[in-house]
Amino acid sequence: RGGKEDSRGALVVLEGLDRCGKTTQSTRLVANLEKLGHSAELWRFPDRTTSVGQMISSYLSNKSQLDDHTIHLLFSANRWEKRSLMESKLKSGITLVVDRYSYSGVAFSSAKGLDIEWCKAPEIGLLAPDLVVYLDIPPEKAAERGGYGGERYEQLEFQKKVGQNYQVLRGPTWKIIDACSPMEDVEEQLQEMVLDCVKTCQEGKPLSCLWS
Ligand code: FDM
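First, a word on what this report is: a plain description of the structure on this page.

Cut-off values and rules
- Residues numbered from 1 in each chain as written.
- Predicted model: local features only at pLDDT ≥ 70, side-chain atom pairs only at ≥ 80, totals over all residues.
- Heavy atoms only, no water.
- Phe/Tyr/Trp six-rings, centres within 6.5 Å; stacked < 30°, edge-to-face > 60°.
- Lys NZ or Arg CZ within 6 Å of the ring centre and 35° of its normal.
- Salt bridge = Lys/Arg side-chain N within 4 Å of Asp/Glu carboxyl O.
- Helix = DSSP H or I, 4+ residues; strand = E, 2+ residues; numbered from the N terminus.
- Buried < 20%, exposed > 50% of the residue type's maximum accessible area, 1.4 Å probe, protein only.
- Near = heavy atom within 4 Å.
- Polar contact = N/O pair within 3.5 Å; in protein donor to acceptor, adjacent residues only side chain to side chain.
- Areas by Shrake-Rupley, 256 points an atom, 1.4 Å probe, with all protein chains shown as cover.
- Nonpolar A, V, L, I, M, F, W, Y, C, P; charged D, E, K, R; others polar.
- Core = buried A, V, L, I, M, F, W, Y, C linked by side-chain atoms within 4.5 Å.
- Contact = heavy atoms within 4.5 Å.

This next bit is on the packing of aromatic side chains. Under the definition given, this model contains 10 aromatic pairs. Feature note: the residues Tyr103, Tyr134, Tyr166, Trp174 and Trp211 constitute an aromatic cluster, connected by ring pairs. Over the face of the ring belonging to tryptophan 211 we find lysine 120, whose NZ or CZ atom lies 4.9 Å from the ring centre.

Put into structure tokens, the structure is as follows:
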């Protein structure tokens, strides 16, 4: 263990409420990693390009209605359909920066009243992130940021519940960044955390599965 043959890319996940800056930061992070000579890709969930993803997209824009359990399982299926590609990219040395993952799945669905353990169950066996960075912003502040775009979950009361659920999910692989800090400070903190994580994965840290 720790030899060159075990070297791999890191699985880094960014989580947070809508409008916390995840998309901006994950884009900048990937560009910065590449500048430093690391191979990195930006991924996001839901991945709206697949046929499952198109069902999710239509649900989010209120063009279709689905039972809460059904949409939860579709979000999960959308991660499962990418699992093997994810594994092969990581093993080929590519670091994946993922904008939302299973934690969004659980935090959003349980905010509708679904049992949290039921929500976690279909996620068991997906790849566990090496690092989860939570961009922390009060829901009221997030709502002020240019307003929400009008998708299904972009409402203050709902986002408050999601924020509480994220707190329940926080574990040892989580790092918190104050998302109200200047953008450049967030970028710098994030990069430092990620470079550290990339290094441990290069050194052969084994991949593991959720929920661990
Ligand atoms: N969302 C996202 C979920 O409810 N479950 C999930 O598993 C994922 C990945 O979908 F409101 C919610 C979170 C957000 C919406 O996300 C779309 P983006 O990041 O705005 O595309």
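Now that the structure is up, let's keep going.
With that out of the way, let us pick up the pattern of salt bridges. Evaluated as defined, the whole model comprises 16 salt bridges. Aspartate 47 is the salt-bridge partner of lysine 82, the closest N and O atoms lying 3.3 Å from each other. One end of the pair, lysine 82, is in the loop between α3 (68-80) and α4 (83-91); the other, aspartate 47, is in the loop between β2 (40-44) and α2 (51-60), with 35 residues separating them in the sequence. Under the relative-accessibility criterion, lysine 82 is labelled buried at 17%. Linking arginine 83 and glutamate 87 is a salt bridge whose minimum nitrogen-to-oxygen distance equals 2.7 Å. Residue arginine 83 and its partner glutamate 87 are located together in helix α4, separated by four residues, close to a single helical turn. For glutamate 87, a relative accessible area of 22% gives the class partly exposed. Salt bridges here are not isolated pairs; linked through shared partners, they connect Arg8, Asp130 and Lys205.

Surveying the vicinity of the ligand reveals 13 residues, the closest of which are Arg48, Phe75, Arg79, Arg100 and Gly105. Arginine 79 has a polar side-chain atom sitting 2.8 Å from an oxygen atom of the ligand. At 2.8 Å, a side-chain N or O of arginine 100 approaches an oxygen atom of the ligand. Within the complex, 94% of the 480 Å² of free accessible area of the ligand lies under protein. When residues of the shell around the ligand are traced back to their parent elements, those giving at least two are α3 and α5 (102-110). The residue inventory of the shell around the ligand, partitioned by class, reads six nonpolar, two polar and five charged.

In this section: the nonpolar core. One finds Met86, Val98, Tyr101, Tyr103 and Tyr166 to be the most contacted residues of the largest nonpolar core, which totals 60 residues. Looking at this core element by element, the count peaks at seven residues for helix α9 (residues 183-202).

This next bit is on the side chain of aspartate 99. Tracing the chain through its elements places aspartate 99 in strand β3 (residues 95-99). Overall, the relative accessible area of 2% leaves aspartate 99 in the buried class. Within the structure, the side chain of aspartate 99 is placed 2.9 Å from the side chain of threonine 23, a separation counted as a polar contact. In this view, aspartate 99 contacts Leu14, Lys22, Thr23, Ser26, Trp43, Arg44 and Phe45; residues no more than four positions away in its chain are not counted.

Secondary-structure assignment places valine 98 in strand β3. When the C-alpha positions of valine 98 and valine 132 are compared, they lie 9.4 Å apart, and in sequence the two are 34 residues distant. Those residues within four positions of valine 98 in sequence are excluded, and the remaining contacts are Leu11, Val12, Val13, Leu14, Trp43, Phe45 and Met86.

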